[in-house]
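# Report on the structure
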Amino acid sequence: MLLVPPTDIDIVTLDFTNVGLHFGVILAAVDINEHNRTQLEMASRMADLARRPLMALTVAGEGISDHDAAAALRAASKGLDPHATAFIVRRGEVAEEIARGALHEQAGLVVMG
């Protein structure tokens, strides 16, 4: 996991009964060619605990359409609770596109497998 804190605010608050997490969306960066259910479940659990939206992102390779890559993300995410609110397909060099996607979506936590 990669926690991306905002520049000038506390990302965690504590009191006697609660832990509050204050950051952007939870982004699960998924390779649709690998088994990644544990990664997706962890991202979903973190979204639930933080009460933040969950998004799934993949960097698609040659030979797969954006539509098919998004469908593969949806299938891999099926049954998560909370479920992903967006399925994002990017193209290019994997690490760069994950970073760009995280920045574009204002992710506070990136879960990678």
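Attention here is on the structure that accompanies the text. Please read these numbers as outputs of a predicted model, since none were measured by experiment.

### Focus: the nonpolar core
Considering soluble globular proteins, one finds that nonpolar side chains tend to be buried as a cluster. Counting residues in hydrophobic clusters, the biggest one holds 15 residues, and the most contacted among them are Ile-26, Ala-28, Ala-43 and Leu-54. Those elements that provide at least two residues to this core are strand E4 (25-29), helix H1 (37-50), strand E5 (54-60) and strand E7 (107-112). Ranked by residue count, the leading element in this core is H1, at four residues. The residues contacting Ala-43, other than those within four sequence positions of it, are Ile-26, Ala-28, Leu-54 and Val-111. Core analysis: the second largest hydrophobic core is formed by eleven residues, Val-25, Met-55, Val-59 and Val-110 among them.

### Some words on helix H3 (residues 94-104)
Those residues of H3 that sit buried are Glu-97, Ile-98, Gly-101 and Ala-102. Angularly, the buried residues of H3 cover 135° about the axis, an arc narrow enough to put them on a single face. Facing away from the buried surface of H3 by more than 90 degrees, the exposed residues are Leu-103 and His-104. For H3, the N-terminal capping position is held by Glu-93, with its side-chain oxygen 3.4 Å away from the main-chain nitrogen of Ala-95. Two residues or fewer past H3, Gln-106 is found with a positive phi of approximately 55°.

### Comments concerning the environment of Gly-79
Counting through the fold element by element, Gly-79 comes out in the loop between helix H2 (66-77) and strand E6 (86-91). For the pair Gly-79 and Glu-41, spaced 38 residues apart in sequence, the C-alpha separation works out to 9.5 Å.

### What to know about the pattern of salt bridges
Oppositely charged side chains are able to pair whenever their charged atoms sit close together. If you walk through the whole model with that rule in mind, you get six salt bridges. Residue Glu-41 pairs with Arg-37 through a salt bridge whose shortest N-O separation is 3.2 Å. Highlighted residues: Glu-41 and Arg-37, both in helix H1, separated by four residues, approximately one helical turn. Several salt bridges share partner residues, and in doing so they unite Arg-90, Glu-96, Glu-97 and Arg-100 into one network.

### Description of the environment of His-35
For His-35, the position within the fold is in the loop between E4 and H1. For His-35, a relative accessible area of 74% translates into the label exposed. In the structure, His-35 is positioned 41 residues away from Ala-76 in sequence and 8.6 Å away in space, judged by C-alpha atoms.

### Remarks on the pairing of E7
Counting buried positions along E7 gives five out of six residues, so the element sits mostly inside the fold. Relative to E7, E4 runs parallel, the two sharing five bridges. Note that in E7 the partner of Ala-28 across the bridge is Val-111.

Thresholds, definitions, all that
- Residues numbered from 1 in each chain as written.
- Predicted model: local features only at pLDDT ≥ 70, side-chain atom pairs only at ≥ 80, totals over all residues.
- Heavy atoms only, no water.
- Core = buried A, V, L, I, M, F, W, Y, C linked by side-chain atoms within 4.5 Å.
- Buried < 20%, exposed > 50% of the residue type's maximum accessible area, 1.4 Å probe, protein only.
- Helix = DSSP H or I, 4+ residues; strand = E, 2+ residues; numbered from the N terminus.
- Contact = heavy atoms within 4.5 Å.
- Arc of directions from axis to C-beta.
- Polar contact = N/O pair within 3.5 Å; in protein donor to acceptor, adjacent residues only side chain to side chain.
- Salt bridge = Lys/Arg side-chain N within 4 Å of Asp/Glu carboxyl O.
- Pairing = 2+ DSSP bridges.

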